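Architecture at a glance
Residues per chain are reported as follows:
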Amino acid sequence: MNLAVLQHLPPEDVEVEICRADELERRRGLSSELDDMWSYVGKKTQQRWLWHAIDHYTGKVLAYVFGRWQDDVFLRLQALLEPFGITRFYTDGWGNL
């Protein structure tokens, strides 16, 4: 809880909900898993990647994009996930993001 911010907000604009973090994510559907898989067209130097985001709790695909294994393709997927409220992404250190 950010107490410094709360001090500047009118009480009628504040809503407090206390629950476990994993329960909150499950109820609000804010948790997803992103992954990629690749194949090639004609030869292995022409790789194409499927980037997809799966709802962590239901297993449903939220969004996907096809492209090369580059940051701009990830950014397209990130834009597709914005309406779901997914704003945090953790990677294994690849790329320039």
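Provided above is the structure to which this section pertains.
Only a predicted model underlies this, so the values are computations on that prediction, with no experimental measurement involved.

Pairing of strand β1 (residues 32-41) with strand β2 (residues 43-55) involves 10 bridges; the strand directions are antiparallel. Note that in β2 the partner of S39 across the bridge is R48. Counted along the chain from β1 to the antiparallel partner β2, the turn is 1 residue long, and its residue G42 has a positive phi close to 80°. Direction of pairing for β2 relative to strand β3 (residues 61-67): antiparallel, over a ladder of 6 bridges. Bridging across to β3, I54 finds its partner in V61. In sequence, β2 turns back onto β3 through a hairpin of 5 residues, with G59 there showing a positive phi of about 80°.

The strand order across the open sheet built from 3 strands is β1-β2-β3, with neighbouring strands paired in antiparallel fashion. With one partner strand each, in any of the chains shown, β1 and β3 form the two edges of the open sheet. Each neighbouring strand pair of the sheet contributes to a mean axis angle of 20°, computed without reference to strand direction. Here helix α3 (residues 71-81) sits on the sheet in contact with β1, β2 and β3, set at roughly 155° to β3.

With 10 residues, the main nonpolar core is built from W49, W51, A53, A63, V65, V73, F74, L77, L81 and I86. Secondary structure elements with two or more residues in this core: β2, β3 and α3. Residue contributions to this core peak at 4 residues, all from α3. Among all residues touching W49, those that are not within four sequence positions of it are D36, M37, W38, V65, F66, G67, R68 and W69.

Basis of the calculations
- Residues numbered from 1 in each chain as written.
- Predicted model: local features only at pLDDT ≥ 70, side-chain atom pairs only at ≥ 80, totals over all residues.
- Heavy atoms only, no water.
- Pairing = 2+ DSSP bridges.
- Helix = DSSP H or I, 4+ residues; strand = E, 2+ residues; numbered from the N terminus.
- Axes fitted to C-alpha atoms, helices over the stretch in contact; angles between N-to-C directions.
- Contact = heavy atoms within 4.5 Å.
- Core = buried A, V, L, I, M, F, W, Y, C linked by side-chain atoms within 4.5 Å.
- Buried < 20%, exposed > 50% of the residue type's maximum accessible area, 1.4 Å probe, protein only.

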